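# Architecture at a glance
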Amino acid sequence: KTVKSVLNEYLKTKRVQCKEKEKLEAFVEAVISYFDEVLCCLLFSDGEKNQLRFLKNDPNLKGMRYCEIFGCEYLVRMFMLLPSMLSDSGLDHNEIRHIVLDFRDLFLYLEDNYATCFKSKYLLPEEDRKTDQAKDDQVLPSSIVKTADVSIT
């Protein structure tokens, strides 16, 4: 699932009064906007960066936001930026406390709904798969390889 779809599901699960619902919707929209803004900083490998370049040039994805393409794994990466984001925000202590509580609630939602919010299987980047395959193909020294005596009755 994409970041946007999970955050929309999160909104639907919250039963809040009208005024608080507006605050929650504003929070979710802020998270989505911030995610779209900082995604480039969340990419670790060259493979991910290449994938982003490819996606930017894909005509089928033209006009789509990153939050409509990328999954929650990247949202979790964004959470690592929260301390610096909040310290640089210029918000007062009370506002930061409310934001932290909103993020805490979102974290709990993601934890409770882990199976539906995150993939269950992941592919390694191509270079990592090649390295792992090479390791699997190596022959172990004979001193390490042990044979088992098996008797079939």
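In every chain, residue numbers begin from 1 and rise along the written sequence. pLDDT decides what is reported in this predicted model: residues at 70 or higher carry local features, side-chain atom pairs at 80 or more are listed and counted, and totals for whole chains, interfaces and linings draw on all residues regardless. For side-chain calculations, the full set of non-hydrogen atoms in the structure is used, while hydrogens and water are omitted.

### Some points on the overall build of the protein chain
- The way it works is that DSSP assigns letters per residue, a run of H or I at least four long becomes a helix, a run of E at least two long becomes a strand, and they are numbered from the N terminus. For the protein chain, the count of helices and strands is eight helices and zero strands.
- Starting at the N terminus and ending at the C terminus, the protein chain contains elements arranged as α-α-α-α-α-α-α-α.
- Counting every position in the protein chain, which comprises 153 residues, the buried fraction comes to 25%.
- Throughout, a residue-residue contact means that at least one pair of heavy atoms, one from each residue, lies within 4.5 Å. Long-range contacts, defined as pairs at least 24 residues apart, comprise 72% of the intrachain contacts of the protein chain with a sequence gap of at least 6.
- Throughout, the Shrake-Rupley method with a 1.4 Å probe supplies accessible areas, and for residues the shown protein chains are the sole cover considered. In the structure as shown, the protein chain presents an accessible area of about 11,400 Å², 54% of it carried by carbon and sulfur atoms. Accessibility here uses a 1.4 Å probe with only protein chains present; expressed as a share of the type maximum, an area under 20% marks a residue as buried, one over 50% as exposed, and anything in between as partly exposed.

### Brief notes about the nonpolar core
- To qualify as a nonpolar core, a set must consist of buried Ala, Val, Leu, Ile, Met, Phe, Trp, Tyr and Cys residues joined through side-chain atoms within 4.5 Å. In terms of nonpolar packing, the biggest core is built from 31 residues, with F35, L39, L75 and L110 touching the most fellow members.
- Contacts of L110, omitting those with residues within four sequence positions, involve V6, C72, L75, F79, C117 and F118.

### Topic: the side chain of D36
- The residue D36 is located in helix 2 (residues 18-38) in this model.
- The class for D36 is buried, based on a relative accessible area of 16%.
- Of note is the side chain of D36, whose polar atom sits 3.2 Å from the backbone nitrogen of Y66. Contacts described as polar in this section are N or O atom pairs within 3.5 Å, which, within protein, must combine one atom able to donate a hydrogen with one able to accept it, while residues neighboring in sequence count only if both atoms come from side chains.

### Quick look at the pattern of salt bridges
- Salt bridges are counted wherever a side-chain nitrogen of Lys or Arg sits within 4 Å of a carboxyl oxygen of Asp or Glu. Per the counting criterion, the structure on display carries six salt bridges.
- E48 serves as the salt-bridge partner of R77, at 2.9 Å between the closest nitrogen and oxygen. Separated by 29 residues along the polypeptide, R77 in helix 4 (residues 72-79) and E48 in helix 3 (residues 46-57) bring together distant segments of the chain.
- Ionic contacts of the salt-bridge type, sharing partners, join the residues E29, D36 and R65 into one network.

### Topic: the state of the cysteines
- The definition used for a disulfide is geometric: two cysteine sulfur atoms within 2.5 Å. Applying the stated criterion across every chain yields a total of zero disulfides.
- No disulfide involves C40; its sulfur sits 6.7 Å from that of C41, the nearest cysteine.
- With a relative accessible area of 42%, C40 lands in the partly exposed category.

### Looking at the layout of surface pockets
- Reported here for the second largest pocket is a volume of approximately 420 Å³.
- Of all the secondary structure elements, the ones that give two or more residues to the lining of the second largest pocket are helix 2 and helix 6 (93-112).
- Residue polarity follows a fixed list, in which Ala, Val, Leu, Ile, Met, Phe, Trp, Tyr, Cys and Pro are nonpolar, Asp, Glu, Lys and Arg are charged, and the others, Gly among them, are polar. Residues belonging to the lining of the second largest pocket are distributed by class as follows: eight nonpolar, one polar and six charged. Think of a 1 Å grid over just the protein atoms. A cavity is a set of points where a 1.4 Å probe fits yet cannot get out, a pocket is an open set with protein on both sides within 12 Å along at least five of seven lines, and lining residues have an atom within 4 Å of a point. Grid points are joined across faces, edges and corners, and a volume is the space filled by probe spheres set on the points.

### Some words on the packing of aromatic side chains
- Ring pairs are drawn from Phe, Tyr and Trp, using the six-membered ring of Trp, whenever the two centres fall within 6.5 Å, and their geometry is named by plane angle: stacked under 30 degrees, edge-to-face over 60, tilted for the rest. Under the defined criterion, the tally for this structure stands at eight aromatic pairs.
- Their ring planes at 80 degrees and their centres at 4.9 Å tell us that F27 and F103 sit as a pair that is edge-to-face. Of the two residues, F27 sits in helix 2 while F103 sits in helix 6, which places them 76 residues apart along the sequence. No difference in accessibility class separates F27 from F103, as the two residues are buried.
- Between F79 and F103, the aromatic rings sit 5.8 Å apart at their centres with planes inclined by 80 degrees, giving edge-to-face as the arrangement.

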